[in-house]
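# Commentary on secondary and tertiary structure
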Amino acid sequence: MRDRDRRSFIQGLAGMSAAGMLGAAWHVRAAQTQAWPARPIKLVVTFPPGGSSDIVARVLAPALAEKLGQSVVIDNKPGAGSSIGAQIVAHSANDGYTLLVSNSAALSIAPSLLQSPGYDPLRSFEHLAYIGAVPTVFAVHPSVPVHSLSELVSWIKEQPAPVAFGSGGAASVGHLVGEQFAQTLKLPMEHVPYRGAGPMRADLLSGHIKLAIDALPQNIALHKQGRLKLLALTSPRRVSQAPTVPSVAELGLAQLVSENFVGISAPAGLPRALAERIASAVRQISARPEFAQTLEAQGFVTRDMESKAFTQLITDQHLAWGDIAKKTGAKL
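Residues numbered from 1 in each chain as written. Predicted model: local features only at pLDDT ≥ 70, side-chain atom pairs only at ≥ 80, totals over all residues. Heavy atoms only, no water.

### Some remarks on the environment of Thr-294
Operational definition: Numbering of helices and strands starts at the N terminus; helices are DSSP runs of H or I of at least 4 residues and strands are runs of E of at least 2. Between N or O atoms, a polar contact is any pair within 3.5 Å; within protein, one atom must be a potential hydrogen donor and the other a potential acceptor, and residues adjacent in sequence are included only when both atoms are from side chains.
Of note, Thr-294 is situated in helix α10 (residues 289–296). Considered as a pair, Thr-294 and Val-56 are 238 residues apart in the sequence and their alpha carbons are 9.6 Å apart. At 2.8 Å, the side chain of Thr-294 and the backbone oxygen of Glu-290 are in polar contact.

### Examining α10
The criterion, for reference: Whether a residue is buried, partly exposed or exposed follows from its accessible area with a 1.4 Å probe, protein chains only, as a fraction of its type maximum: under 20%, in between, or over 50%, in that order. The arc in question is the one spanned by the directions pointing from the helix axis to the C-beta atoms. Contacts were defined at the residue level, with two residues in contact if any of their heavy atoms lie within 4.5 Å.
The complete set of buried residues in α10 reads Phe-291, Ala-292 and Leu-295. In a view along the axis of α10, the buried residues occupy a sector of 95°, so they form one face of it. Across from the buried face of α10, at angles greater than 90 degrees, the exposed residues are Pro-289 and Gln-293. At its buried positions, α10 is contacted by α2 (52–68), β4 (125–140), α9 (272–286) and β10 (301–302).

### Quick notes on the side chain of Ser-247
Residue placement: Ser-247 occurs in the loop between β8 (229–233) and β9 (259–267). Setting aside residues up to four positions removed in sequence, Ser-247 forms contacts with Leu-233, Ser-235, Pro-236, Arg-237 and Arg-238.

### Topic: the pattern of salt bridges
What counts, and what does not: One side-chain nitrogen of Lys or Arg within 4 Å of one carboxyl oxygen of Asp or Glu is enough to make a salt bridge.
Inspection of the entire model under this criterion finds eight salt bridges. Between Asp-75 and Lys-42 there is a salt bridge, and its shortest N-O distance comes to 3.9 Å. Residue Asp-75 is located in strand β2 (residues 72–76), and its partner Lys-42 is located in strand β1 (residues 41–45); the two are separated by 33 residues in the primary sequence. A salt bridge links Arg-123 to Asp-120; the nearest nitrogen and oxygen atoms lie 3.3 Å apart.

Quick look at the structure:
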């Protein structure tokens, strides 16, 4: 056999071998996809128990487990402005067993406040299913002698020292809204970040801090019980769960309109078949009246959204919050 023919023969064998290996890998991946889920699925929550993302996860997990025929466990991984949990998912295997309970803090805000977040909000994830959003609310301790946002502004200006405002954590929506509120109205305020909304709310209820900017759901019952006063929502309009609380838009502060979304995302590279299956399962559960009613009763505004539209929402919000972070000088 001539050298040239021998080289062609060997190259042909190499090509056949490579094609065979690719084909085998494809069949293995297809078989794994068909067998999914063969073990428990993990939902990573980037906040401690008690926050909005955690509420969604605990309502979703049992319904998702029933639908998929496999247990679903919740893994709370707070810290560094929600970036720790997001990093864990971004660097996990893209096999459908580790999912992120995605939210505005982890994907829209923290990447703009960290020099090296360890993930990209778009390239590191497949954004599968939007579930809903919650407005934040200006909440004050009953001892504060105000009953409206305008009265709060006057009260802050009268205080001898900057007024501390609490949030569920650095890089949370509450953090950025508070910074923007202070800058817009030139108010002497100081941010106090907590490791989650639960401990922050405990300090607010005890009067240790007098003002907080927090997600609405956990505050509705406290407002009705008279344990907190809610002055304004960061929504474009009032919500049915708290009809007496005005929106910032109607108060002439439309620039403060912001909502914290919650959805489900997965590591980038998730096989399309798995992505479609997970997205479909979450969207079907979200469409159930009892599921939507449970979340809406706690202040969520639920909405069905295609994966492509969800990804665009994250893109738009990331750009918007990045701009606000630069203007306010907020840091992590």
